Amino acid sequence: FVNRIKELRQNAKLSQKKLGALVGVNQTAVSQWERGITSPKYAQIQNLCKIFQVSDAYLLGIVDKIKPLTSQASGLTEKQIKILEMMDQMTPE
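S.K.: Report on the nonpolar core, specifying residues and quantitative values.
M.R.: Formed by 18 residues in total, the largest nonpolar core has its most connected members in Leu19, Trp33, Leu48, Phe52 and Leu59. Elements represented by at least two residues in this core include exactly helix H1 (2–11), helix H2 (16–23), helix H3 (27–35), helix H4 (42–52) and helix H5 (56–59). If one sorts the elements of this core by residue count, H4 sits on top with four residues. Beyond its immediate sequence surroundings of up to four residues, leucine 19 is in contact with Ile5, Arg9, Leu14, Val30, Leu48, Ile51 and Phe52.

Laid out in structure tokens, this is it:
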């Protein structure tokens, strides 16, 4: 989770200050997220997902796929997609 924010921010060529402005926090907050000192609040996670065009499951480290299924493309509900994403992470055992 911690590394994903930093990785996504760097890939988007955003400074911590710029990302903070987009999310509504200061640069210090972004720095603390990236170092694992604090975590973003739920609303901030939602904003980060919109900014980086990733799912919350990816941002939180639940899945490793950046571009998950979308309900519009697949005809599935968001709940069904989350279940499939979790199943995809399960081991054969």
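There's plenty left to go through after this.
S.K.: Kindly report on the packing of H2 against H4, identifying the contributing residues and their values.
M.R.: Where H2 contacts H4, the axes come no closer than 9 Å and their chain directions differ by 115°. Judged on the interaxial angle alone, H4 and H2 are roughly perpendicular. The two elements H2 and H4 cross, and the hand of that crossing is right-handed. Touching Leu19, Leu22 and Val23 of H2 are Gln44, Asn47, Leu48, Ile51 and Phe52, all from H4.

S.K.: Can you tell me about the environment of threonine 38, naming the residues and giving the values?
M.R.: Assignment of secondary structure puts threonine 38 in the loop between H3 and H4. Accessibility expressed as a relative area gives 31% for threonine 38, which makes it partly exposed. Filtering out sequence-adjacent residues up to four positions away, threonine 38 remains in contact with Ala29, Gln32 and Trp33.

S.K.: I'd like a description of H4, backed by residues and values.
M.R.: Listed as buried for H4 are Gln44, Ile45, Leu48, Cys49 and Phe52. Looking straight down H4, one finds that the buried residues subtend no more than 145° of arc, so they occupy a single side. Backbone geometry just downstream of H4 places glutamine 53 in the positive-phi region, at approximately 55°.

Cut-off values and rules
- Residues numbered from 1 in each chain as written.
- Predicted model: local features only at pLDDT ≥ 70, side-chain atom pairs only at ≥ 80, totals over all residues.
- Heavy atoms only, no water.
- Core = buried A, V, L, I, M, F, W, Y, C linked by side-chain atoms within 4.5 Å.
- Buried < 20%, exposed > 50% of the residue type's maximum accessible area, 1.4 Å probe, protein only.
- Helix = DSSP H or I, 4+ residues; strand = E, 2+ residues; numbered from the N terminus.
- Contact = heavy atoms within 4.5 Å.
- Axes fitted to C-alpha atoms, helices over the stretch in contact; angles between N-to-C directions.
- Parallel < 35°, antiparallel > 145°, perpendicular 65-115°, else oblique.
- Left-handed = near helix turned anticlockwise from the far one by under 90°.
- Arc of directions from axis to C-beta.

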